[in-house]
Amino acid sequence: MPHSTKPFLRALAGETLTPPPFWLMRQAGRYLPEYRATRAEAGSFLDLCYNPDFATEVTLQPLRRYGFDAAILFSDILVVPDALGQQVAFKEGEGPVLTPIRSAGDLDGLSLSGLHDHLAPVYKTVANLSKAIPATTALIGFAGAPWTVATYMIEGSGSKDFAKAKGMMFGQAELFARLMALLIQATGDYLIRQIDNGAEAIQIFDTWAGALPEDQFERWVIGPTRSLVERIRAERPGIPVIGFPRQAGYLYKRYVTETKVSGVSLDPSVPLDWAAAELQTKCTVQGNLDPLLVVAGGEAMDAGIDRVLRALGKGPFIFNLGHGITPPTPPDNVARLAERVKGWKG
Ligand SMILES: Cc1c2[nH]c(c1CCC(=O)O)Cc1[nH]c(c(CCC(=O)O)c1C)Cc1[nH]c(c(CCC(=O)O)c1C)Cc1[nH]c(c(C)c1CCC(=O)O)C2
């Protein structure tokens, strides 16, 4: 493997860098006026995801302002169910709405056969970006983890308690296992294609990992992620994978050990000293400033940034938030954050 000169990739390979490389989850989005303008031009949110010119443009917008060390492909985790043939829409002010999968008949309606044709515009965006980003910026491809994507597919929307998704997991175990097998296959195929079009690292978002008890966490969070990591390592060696088992608490440790991810993204609830001792000794850590501190800004934000840097900056580390930037975030606060991280002297 040639030694990378990109700080983000060096950190993922285990180097400690001062200052650490940084990017922010949801760095492209509604908090930026230029995003809102492109989004209005594109039409619906999915029209934006499937238009390579517009999707490339919104990916680049935050890089121009803040000089992040990584660009993340602009798309969504729910393009995979859409590509499998499920009806997916994003309703203004409501979030995602899907025709739910609740029976074997519903599942029979989904198929891998049109996956790559449907996702071709996303691959084109990745290819565009790999030419358009600055030479020291790394390009991250991503997908939702099978469990998190399955929650939306089964519930038909966001959920607070995952009653229907867990209902299927516990009560229709065979059907749930079939859906997960389909998602593991589709997600792997999708990520390999992103890599072939220029993605240099992969992040797997398991936003709802924290909803599962330990035995189901082991089977449906750790298991599918481990098989995706193993497949990428076998078929595209050298491409690092970051996992984000959000709100997994103490189970972060088993997740890291058993999936063998190259990096782990920490949500804001993960204690910093524990992460340094128990996780950063095993892989690169990424995180974990509370996104609401960036809405507040000022000295509260500065103190939060410094706490994270002091605790995690002495080992392999990528500065990030603990979850995505929220729409009310003032862009000037992000500029202040960027200056503070770039000015860190250890
Ligand atoms: C659970 C999840 C989704 N999508 C995603 C996750 C996992 C990460 C997380 O937990 O945030 C991942 C995602 N979604 C988006 C990105 C783009 C890249 C980036 O981080 O800049 C990424 C990596 C764009 C988006 N995805 C969405 C937007 C807002 C859509 C708009 O412009 O109206 C963006 C910029 C929509 C979306 N997409 C999703 C929901 C629930 C919603 C509605 C809620 C909301 O509006 O924030 C599903």
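Residues numbered from 1 in each chain as written. Predicted model: local features only at pLDDT ≥ 70, side-chain atom pairs only at ≥ 80, totals over all residues. Heavy atoms only, no water.

- Looking at an unreviewed UniProt entry, one finds the protein named Uroporphyrinogen decarboxylase, with Paramagnetospirillum marisnigri as its source organism.
- Under the heading Subcellular location (unreviewed entry), UniProt records this for the protein: "Cytoplasm".
- Regarding the protein, the relevant UniProt record gives this comment under Sequence similarities (unreviewed entry): "Belongs to the uroporphyrinogen decarboxylase family." (UniProt positions renumbered as here; feature names shortened; annotations may be inferred.)

A word on the pattern of salt bridges
Think of it this way: side chains of opposite charge can pair up when their charged atoms draw near.
Next, step 1: Throughout the structure, instances matching the rule amount to 16 salt bridges.
Next, step 2: The shortest N-O distance in the salt bridge between Arg 10 and Glu 15 comes to 2.9 Å.
Next, step 3: Residue classification places Arg 10 among the partly exposed residues on the basis of a relative accessible area of 25%.
Next, step 4: Here Glu 15 falls in the partly exposed class, since its relative accessible area comes to 26%.
Next, step 5: Its salt-bridge partner being Arg 336, residue Asp 302 comes within 2.6 Å of it at the nearest N-O pair. Of this pair, Asp 302 sits in helix H15 (residues 298-312) while Arg 336 sits in helix H16 (residues 331-342), and the two are 34 residues apart along the sequence.
Next, step 6: A relative accessible area of 8% places Asp 302 in the buried class.
Next, step 7: Bridged by salt links that share partners, the residues Glu 214, Glu 218, Arg 254 and Glu 258 form one connected network. (Salt bridge = Lys/Arg side-chain N within 4 Å of Asp/Glu carboxyl O. Buried < 20%, exposed > 50% of the residue type's maximum accessible area, 1.4 Å probe, protein only. Helix = DSSP H or I, 4+ residues; strand = E, 2+ residues; numbered from the N terminus.)

Observations concerning the site of the ligand
Next, step 1: Arg 26, Arg 30, Tyr 35, Asp 76 and His 323 are the nearest of the 22 residues found near the ligand.
Next, step 2: One of the backbone nitrogen or oxygen atoms of Ala 28 is found 3.2 Å away from an oxygen atom of the ligand.
Next, step 3: Surface burial for the ligand is 88%, taken as the share of its 880 Å² of free accessible area covered by protein chains.
Next, step 4: Elements with a minimum of two residues in the shell around the ligand: helix H2 (33-42) and strand E3 (95-98). (Near = heavy atom within 4 Å. Polar contact = N/O pair within 3.5 Å; in protein donor to acceptor, adjacent residues only side chain to side chain. Areas by Shrake-Rupley, 256 points an atom, 1.4 Å probe, with all protein chains shown as cover.)

Digging into the UniProt feature "site: Transition state stabilizer" (unreviewed entry) in the protein
Next, step 1: In the numbering used here, UniProt assigns the "site: Transition state stabilizer" (unreviewed entry) feature to Asp 76.
Next, step 2: As for its position among the elements, Asp 76 is in the loop between strand E1 (70-72) and helix H5 (79-84).
Next, step 3: The class for Asp 76 is buried, based on a relative accessible area of 13%.
Next, step 4: Residue contacts for Asp 76: discarding those within four places in its chain leaves Phe 45, Cys 49, Phe 90 and Phe 142.
Next, step 5: Among the polar contacts listed, one links the side chain of Asp 76 to the backbone nitrogen of Leu 78, at a separation of 3.0 Å. (Contact = heavy atoms within 4.5 Å.)

Some remarks on the sheet that holds strand E9 (residues 317-321)
Next, step 1: Strands sit in the order E1-E4-E5-E6-E7-E8-E9 across an open sheet of seven strands; the sheet is parallel. Where the open sheet ends on each side, the last strands, each with one partner, are E1 and E9. On average, each strand axis in the sheet is inclined to that of its neighbour by 25 degrees, with strand direction left out of account.
Next, step 2: Bridge count between strand E8 (residues 284-289) and E9: five bridges; the pairing is parallel. From the neighbouring strand, Gln 286 faces E9, where its bridge partner is Ile 318. (Pairing = 2+ DSSP bridges. Axes fitted to C-alpha atoms, helices over the stretch in contact; angles between N-to-C directions.)

Here we look at the nonpolar core
Next, step 1: In this structure, Phe 8, Phe 319 and Leu 337 are the most contacted members of the largest nonpolar core, which totals 123 residues.
Next, step 2: The leading source of residues in this core is helix H10 (residues 173-196), at eleven residues.
Next, step 3: If we skip the residues at most four places from it in the chain, Phe 8 touches Pro 21, Trp 23, Asp 69, Ala 70, Ala 138, Ile 140, Ala 201, Ile 242, Gln 286 and Ile 318. (Core = buried A, V, L, I, M, F, W, Y, C linked by side-chain atoms within 4.5 Å.)

Points about helix H8 (residues 146-155)
Next, step 1: In terms of burial, H8 is largely enclosed, as ten of its ten residues are buried.
Next, step 2: Every buried residue belonging to H8 is among Pro 146, Trp 147, Thr 148, Val 149, Ala 150, Thr 151, Tyr 152, Met 153, Ile 154 and Glu 155, and all of these are buried.
Next, step 3: Directly after H8, the chain includes Gly 156, whose backbone phi takes a positive value near 85 degrees.

Structural notes on the packing of aromatic side chains
Next, step 1: What the rule picks out here adds up to 14 aromatic pairs.
Next, step 2: The interplanar angle of 85 degrees and the centroid separation of 5.0 Å between the aromatic rings of Phe 176 and Trp 220 together place this pair among those described as edge-to-face. With a gap of 44 residues between them, Phe 176 in helix H10 and Trp 220 in helix H11 (residues 214-235) connect regions that are remote in the sequence. The residues Phe 176 and Trp 220 share a single accessibility class, namely buried. (Phe/Tyr/Trp six-rings, centres within 6.5 Å; stacked < 30°, edge-to-face > 60°.)

Topic: the environment of Pro 245
Next, step 1: For Pro 245, the location among the structural elements is in strand E6 (residues 241-245).
Next, step 2: On the basis of relative accessibility, which here comes to 0%, the residue Pro 245 falls in the buried class.
Next, step 3: For the pair formed by Pro 245 and Phe 45, sequence separation is 200 residues and the distance between their alpha carbons is 25 Å.
Next, step 4: The contact partners of Pro 245, leaving out residues within four places of it in the chain, are Asp 206, Ala 209, Phe 217, Tyr 252, Tyr 255, Val 264 and Ser 265.

Section: unusual backbone geometry
Trans peptide bonds make up most of the peptide bonds, and negative phi angles are found at most residues other than glycine.
Next, step 1: At the junction of Thr 18 and Pro 19, the peptide bond is cis and its omega measures out at -5 degrees in the coordinates.
Next, step 2: Take Pro 19: it is sitting in the loop between helix H1 (7-12) and H2.
Next, step 3: A positive phi angle is found at Arg 26, which is not glycine, with a value near 60 degrees.
Next, step 4: If you trace the backbone, Arg 26 turns up in the loop between H1 and H2.
Next, step 5: Arg 26 sits in the exposed class, given a relative accessible area of 53%.
Next, step 6: One non-glycine residue, Phe 162, adopts positive backbone phi at about 55 degrees.

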